[in-house]
Amino acid sequence: MGKFRGWHILAGIAAMVLTGILGTVMGLNYTAAFMASCVAFVAVALWTDSRITRRRRETAREAQRDTAREAQRDTVREPAQDPALRDDH
């Protein structure tokens, strides 16, 4: 089983439940509470998805930078020698 990629859906469902409860407590009828819950679901799911995507992109960029730095350090540490200049006699 791979990485779980449904965090934005779970956050949206949690927001939907909370908004439904708050709407009912505030005295909204069922239709209004349901519509508010749907709006909250979409808003929170999209926001959470964008935050997760942004964090993954930043992590990938940092990993790429670290890899480039390591490659640069390796080339600096190992000087290239011309085989014709070696003294193997």
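Residues numbered from 1 in each chain as written. Predicted model: local features only at pLDDT ≥ 70, side-chain atom pairs only at ≥ 80, totals over all residues. Heavy atoms only, no water.

A few words on the overall build of the protein. Regarding its fold elements, the protein presents two helices and zero strands. The burial tally for the protein puts 12% of its 89 residues in the buried class. (Helix = DSSP H or I, 4+ residues; strand = E, 2+ residues; numbered from the N terminus. Buried < 20%, exposed > 50% of the residue type's maximum accessible area, 1.4 Å probe, protein only.)

With that settled, the discussion passes to the pattern of salt bridges. Per the counting criterion, the structure on display carries one salt bridge. The shortest N-O distance in the salt bridge between Asp66 and Arg69 comes to 3.4 Å. You can see Asp66 and its partner Arg69 sitting in helix α2 (residues 30-77), three residues apart, about one turn around the helix. (Salt bridge = Lys/Arg side-chain N within 4 Å of Asp/Glu carboxyl O.)

Glancing now at the environment of Ala36. Tracing the backbone shows Ala36 in helix α2. Classification of Ala36 as partly exposed rests on a relative accessible area of 27%. For Ala36 and Met16, which are 20 residues apart along the polypeptide, the C-alpha to C-alpha distance reads 8.0 Å.

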